[in-house]
Amino acid sequence: MNNKFETDAIRTQIERSQFLEHSVPMYLTSSFVFDDAEDMRASFAEEKERNIYSRYSNPNSSEFVEKVCKMEGAEDGFAFASGMAAVFSTFAALLNSGDHILSARSIFGSTHSLFTNFFPKWNIDHSYFRIDALEEIDNLVTKNTKVIYAESPTNPGVDILDLEKLGEIAKKHNLILIIDNCFASPYLQQPIKFGADLVIHSGTKLMDGQGRVLAGVTVGSKELIDTIYRFSRITGPALSPFNAWVLSKSLETLAVRVDRHCENALKLAEFLEGHEGINWVRYPFLKSHPKYAIAKKQMKAGGCVVAFEVKGGIAAGQHFFNAIRLLSLSANLGDSRTIVTHPASTTHSKLSPEERLSVGITDGMVRVSVGLEHIDDIINDIDQALS
Ligand SMILES: *Cc1c(COP(=O)(O)O)cnc(C)c1O
């Protein structure tokens, strides 16, 4: 029987223990015991599927991964200690020295740093394509290109990439398409439907949704995940059982939380659209968004992030942040608490001003991760800070 998304998020569960607990227990154990010498031999020879050591697998992380696989329509996955551990390990497992990554220009700041400052050490090269010109990708593919990488919606500008088109391009050139789906969450968008081979999440964001744990996960085909698993069980970026337990619980409420995040975000975006204190506001499900039609095609709702630009440049921006009373000044997102961020001085400060402008980050730009407080209170705080 095929259950719906919300049901699988709640009813996907590892086997009950002898105590028949209702809520899943935590398996805070580094290793597991064997019945006898033959069990030990067969387990290490991988003749049976079982837990041996929590760097390889643990019941709590397996449950978390199984839920994400069902949500994303993926065959298999591996859970990591953070989103960046997932990003790094996925690339490090799949790529060889000499390989080339073709990535969207608008990506998470640490992923950009990974491509720019660290991968060259291992002779792994990258080039960026403009997200408004997917047709240019054809000309950027080299004989060494192995992967196309992108995020949608993008951070922090909430731009939208056409995932179906990316899927077609990757297929045409026989490249592995990897989508960082963190901004959408698996509830709003499932990139595998559009041709992605692997989907990465930072579980730190909407998946946990309450700002408690760091986590990451990569899901996709059995074959690719097996390569990632072989690499990861040796290099040790595995998610801790405690954090996996927290996350698996969090996923039980993902759908209801994200529904409210999106409802609040759309209301805030609509409020800001007419506000005289700002130059522009961007939200995927606002009709004024340049990619509104694509967002509607591939997403269930617009997500939790709204971006806008305060009038008056950097000074007005600083004034805005200093005037905020209720909301949090922080760099995280996808939290039940609304968070306002200044990308130019925080998440994207490592980029040069020119690089920032090339991905649409202006000095006055504000990113709001709209939380679950009452929308009237969120709007009132932003309104009073703008005036
Ligand atoms: C936060 C984030 C990451 C990194 O995740 P961590 O859990 O912080 O390591 C990667 N991609 C995107 C889009 C993110 O927002």
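Going by the structure above, here's the rest.
Please read these numbers as outputs of a predicted model, since none were measured by experiment.

Caption draft 1: Representation of the overall build of the protein in the model. Scanning the protein for helices and strands turns up 15 helices and 12 strands. Rg of the C-alpha trace for the protein: 21 Å, near the compact-globule value of 21 Å for 387 residues, within the 12% margin. Based on the C-alpha atoms only, the size of the protein along its principal axes is roughly 75 × 55 × 35 Å. Expressed as a percentage of the 387 residues in the protein, the buried residues total 55%. When contacts within the protein are restricted to residue pairs at least 6 apart in sequence, long-range pairs at least 24 apart make up 71% of them. Of the charged side chains in the protein, 39 are positive and 48 negative; the average position of the first set lies 0 Å away from that of the second.

Caption draft 2: Spatial organisation of the packing of helix α3 (residues 59-72) against helix α10 (residues 241-252). Contact pair α3 / α10: the axes reach a minimum separation of 7 Å and the direction vectors enclose 35°. Two packed elements cross with a definite hand, and for α3 against α10 that hand is left-handed. Contacts between α3 and α10 involve Asn 60, Ser 61, Glu 63, Phe 64, Lys 67, Val 68 and Met 71 from the first element and Pro 241, Ala 244, Trp 245, Leu 247, Ser 248, Leu 251 and Glu 252 from the second. In terms of residue class, the contact of α3 with α10 is built from 8 nonpolar, 3 polar and 3 charged.

Caption draft 3: Structural detail: the site of the ligand. Taken together, Ser 82, Gly 83, Met 84, Phe 108, Glu 151, Asp 180, Cys 182, Phe 183, Ser 202, Thr 204, Lys 205 and Ala 215 make up the full set of residues adjacent to the ligand. Separating an oxygen atom of the ligand from a backbone N or O atom of Met 84 is a distance of 2.8 Å. Contact distances for the ligand include 2.6 Å between an oxygen atom and a side-chain N or O atom of Thr 204. Expressed as a share of its isolated accessible area of 380 Å², the protein-covered part of the ligand is 91%. In the shell around the ligand, the residues fall into 5 nonpolar, 4 polar and 3 charged.

Caption draft 4: Up close: the packing of helix α11 (residues 254-273) against helix α15 (residues 375-386). Two elements in contact, α11 and α15, have axes whose closest approach is 10 Å; the angle formed by their N-to-C orientations is 35°. Read as a crossing pair, α11 and α15 show a hand that is right-handed. Counted together, Asn 264, Lys 267, Leu 268, Phe 271 and Leu 272 of α11 and Ile 375, Ile 378, Ile 379, Ile 382, Asp 383 and Leu 386 of α15 form the full contact between these two elements. When its residues are assigned to classes, the contact of α11 with α15 shows 8 nonpolar, 1 polar and 2 charged.

Caption draft 5: View of the pattern of salt bridges. Across all of its chains, the model carries 21 salt bridges by this definition. Among the ionic pairs, Asp 8 bridges to Lys 70, the shortest N-O distance being 3.9 Å. Of the two residues, Asp 8 is situated in helix α1 (residues 5-11) and Lys 70 in helix α3; the sequence distance between them amounts to 62 residues. Using a relative accessible area of 16% as the deciding quantity, one classes Asp 8 as buried. Here Lys 291 and Asp 132 are joined by a salt bridge, their closest N and O atoms 2.9 Å apart.

So, how was this worked out
Residues numbered from 1 in each chain as written. Predicted model: local features only at pLDDT ≥ 70, side-chain atom pairs only at ≥ 80, totals over all residues. Heavy atoms only, no water. Helix = DSSP H or I, 4+ residues; strand = E, 2+ residues; numbered from the N terminus. Rg over C-alpha atoms; globule rule 2.2 N^0.38 Å. Buried < 20%, exposed > 50% of the residue type's maximum accessible area, 1.4 Å probe, protein only. Contact = heavy atoms within 4.5 Å. Lys, Arg positive; Asp, Glu negative; His and termini not counted. Charge placed at Lys NZ, Arg CZ, Asp CG, Glu CD. Axes fitted to C-alpha atoms, helices over the stretch in contact; angles between N-to-C directions. Left-handed = near helix turned anticlockwise from the far one by under 90°. Nonpolar A, V, L, I, M, F, W, Y, C, P; charged D, E, K, R; others polar. Near = heavy atom within 4 Å. Polar contact = N/O pair within 3.5 Å; in protein donor to acceptor, adjacent residues only side chain to side chain. Areas by Shrake-Rupley, 256 points an atom, 1.4 Å probe, with all protein chains shown as cover. Salt bridge = Lys/Arg side-chain N within 4 Å of Asp/Glu carboxyl O.

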